[in-house]
Amino acid sequence: MHIAPTLLPVGLLLLGAGASAADAGKPIQLQGRARGSVKRADGTFNKERYLKEAAHVQRKFGLIKKLVSHTTVIHHNTTTPADAAKGVAVLMVTTTTTPLPGPTPGGGHASGSIPLTDIIQDGADIEYYGPLEIDLWLPTDTDAGNTAAPFFSSKKSSTYKGSKVPFSIQYGTGDVSGTQAYDVVSVAGLPVQNQAFGAIVTESSDFFGFPISGLMGLGFKSIATVGTPFMENLIATGTLAQNLFTFYLTRGLKDGSVLTIGSIPNNHYTGPLTYTKVISESYWEVAWTKTDVNGKQVSTPVNAAIDTGTTLVYLPTTLAAAIWAAVPGAKKDVADSDSTTTFWMYPCSSKPQISMMFDGSDNKYIIDPYDLNMGTSGADPTLCVGAVAGQDVTDLNNQPFSIVGDTLLKSWFTVYNYNGTADGAPAVGFAKAKL
């Protein structure tokens, strides 16, 4: 566009790949998808809020599966039947498609960072947002009923291109609808021409009351809602120093979280940065092989989507039960009759040490005990509810898999590298976050 851009508040949804939007002039911000705190002001577990999060996660991954039911996914065959016998998950995808565009190392010198703000409620980290000029969808030429957040005015952009192609998404908690559109998109000064996005005219009340205009996706093209995602288009320009983005998420601090594109800022982590290869170019999905619980290793052979857009950690119920069985005094909470999610309680006086282990490394990625504790049980104040839950979600091949959210990621600086392996395939990097 040919006017000075401003920023609109938009949300961040790491797995929900999709189109993006430029703004003609107001602040755009990033948001995690959570609504309300998992812990009440009195320190007790907010079960209603937790079940809403769980319903959203189940709906989100079900929606993505529906969108890509006829889509070919790039598969990186990283395991063998022998590996499977050792407890390494195997994803049975054998189809291929065109490789990601752009030179392997990046080919350019450009990079940029976006400061994120943490919305904190009752001591819990609810949403991360920051200045952007990008989105998967955002209200266009109307506030869509959400008067708490600004909207995008297409009339202020000389490069905006509308269409009559319908666009809609229904989440577990909320829905939006409008049409597909195109404009110049810039994130941290890194522009993409003619980027597709959803121009929203109707937005459910679930999104009201927060200073967020829309949501942005950072997954792969195979699960995009519309068009090619911003990051893959940006990589195709060949301007990035490195084909990657990183996240540093704070805990309990309004300021300090950062999204960086095109380079790895060494001031946000300490120690080595270790990569684990991506299983398929859909979610940022890796093989979660084992879990260390208080020094005891529990086999958890399941693929895991690393997702900043999810608050908790979800595993197949049988694997979650195996983890909690290794925690002294832990017991399953009484499930709601209409819930498909199971959670566990453990003695508040203890601080279980739960660490994840991913394929290709012996590193143990520990969940901070503070983040594991979601508050006391309403029925028994001596028991606390754990942030590792059971939910039987399946991947694109209808195989059980897990979702690793901010419960772990606040302790670990993460790199989402499109060329992170020795042969140039995508990988997720982990390093201890500087707190």
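Residues numbered from 1 in each chain as written. Predicted model: local features only at pLDDT ≥ 70, side-chain atom pairs only at ≥ 80, totals over all residues. Heavy atoms only, no water.

## Observations concerning the packing of aromatic side chains
1) Next: All told, the structure shown has 18 aromatic pairs when counted by the stated rule.
2) Next: When the centroid spacing of 5.8 Å and the interplanar angle of 90° are considered together, the rings of Phe245 and Trp284 count as edge-to-face. Linking Phe245 in strand β9 (residues 244-248) with Trp284 in the loop between β11 (269-277) and β12 (285-293), this pair joins segments that are 39 residues apart in sequence.
3) Next: Exposure remark for Phe245: the relative accessible area of 0% places this residue in the buried category.
4) Next: Overall, the relative accessible area of 0% leaves Trp284 in the buried class.
5) Next: Look at Tyr365 and Trp412: their rings are 4.9 Å apart centre to centre, the planes differ by 90°, and that puts the pair in the edge-to-face class. Placement of the pair is Tyr365 in strand β19 (residues 365-366) and Trp412 in strand β25 (residues 412-417), with a sequence separation of 47 residues.
6) Next: Overall, Tyr365 belongs to the buried group, its relative accessible area being 3%.
7) Next: Here the aromatic cluster, defined as three or more aromatic residues joined through ring pairs, consists of Phe220, Phe245, Phe247, Trp284, Tyr416 and Tyr418. (Phe/Tyr/Trp six-rings, centres within 6.5 Å; stacked < 30°, edge-to-face > 60°. Helix = DSSP H or I, 4+ residues; strand = E, 2+ residues; numbered from the N terminus. Buried < 20%, exposed > 50% of the residue type's maximum accessible area, 1.4 Å probe, protein only.)

## Some details on the state of the cysteines
1) Next: What the rule picks out here adds up to 1 disulfide.
2) Next: Linked covalently through their sulfurs, Cys348 and Cys384 form a disulfide whose S-S length is 2.1 Å. The chirality of the disulfide connecting Cys348 with Cys384 is right-handed, given an S-S dihedral of about 110°. A residue pair is termed long-range when its members are at least 10 positions apart, and Cys348 in the loop between β17 (344-347) and β18 (354-358) and Cys384 in strand β21 (residues 383-386) qualify at 36 residues.
3) Next: According to the relative accessible area criterion, Cys348 is partly exposed, its value standing at 26%. (Disulfide = S-S within 2.5 Å.)

## With respect to the environment of Phe430
1) Next: Along the chain, Phe430 falls in strand β26 (residues 427-433).
2) Next: For Phe430, a relative accessible area of 1% puts it in the buried group.
3) Next: For Phe430, the residues in contact, after removing those within four places along its chain, are Pro272, Leu273, Thr274, Thr276, Ile306, Phe358, Tyr365, Leu409, Trp412, Phe413 and Thr414. (Contact = heavy atoms within 4.5 Å.)

## With respect to the pattern of salt bridges
1) Next: Summed over the entire model, instances satisfying the criterion amount to 3 salt bridges.
2) Next: The partner of Asp371 in a salt bridge is Arg251, and the shortest N-O contact between them spans 2.7 Å. Residue Asp371 is found in helix α5 (residues 369-372), and its partner Arg251 is found in the loop between β9 and β10 (255-261); the two are separated by 120 residues along the sequence.
3) Next: Since its relative accessible area comes to 7%, Asp371 is described here as buried.
4) Next: Lys364 serves as the salt-bridge partner of Asp292, at 3.0 Å between the closest nitrogen and oxygen. With a gap of 72 residues between them, Asp292 in strand β12 and Lys364 in the loop between β18 and β19 connect regions that are remote in the sequence.
5) Next: Using a relative accessible area of 6% as the deciding quantity, one classes Asp292 as buried.
6) Next: Exposure remark for Lys364: the relative accessible area of 42% places this residue in the partly exposed category.
7) Next: Residues joined by salt bridges that share partners form a network here, namely Arg251, Asp371 and Lys410. (Salt bridge = Lys/Arg side-chain N within 4 Å of Asp/Glu carboxyl O.)

## As for the confidence of the model for the protein chain
1) Next: In this model, the protein chain carries an average pLDDT of 75, and 66% of its residues clear a pLDDT of 70 or more.
2) Next: Low confidence marks residues 15-36, where pLDDT is under 50. Its contacts with residues over four positions away, or in another chain, come to 154 contacts.
3) Next: Every residue in residues 66-104 scores below 50 in pLDDT, and together they form 79 contacts with partners more than four places removed in sequence or on other chains. (pLDDT = per-residue confidence, 0-100.)

## Some thoughts on the side chain of Gln180
1) Next: Among the secondary structure elements, Gln180 is positioned in strand β6 (residues 174-187).
2) Next: Setting aside its immediate chain neighbours within four residues, Gln180 contacts Gly162, Ser163, Val165, Pro166, Phe167, Phe197 and Val226.

## Quick notes on the nonpolar core
1) Next: Core analysis: the biggest nonpolar cluster contains 70 residues, and Met231, Phe245, Ile261, Trp288 and Ile306 have the highest contact counts within it.
2) Next: Here the element with the most residues in this core is strand β13 (residues 296-306); it accounts for 5 residues.
3) Next: Counting residues in hydrophobic clusters, the runner-up holds 7 residues, among them Tyr248, Tyr269, Val415 and Ala433. (Core = buried A, V, L, I, M, F, W, Y, C linked by side-chain atoms within 4.5 Å.)

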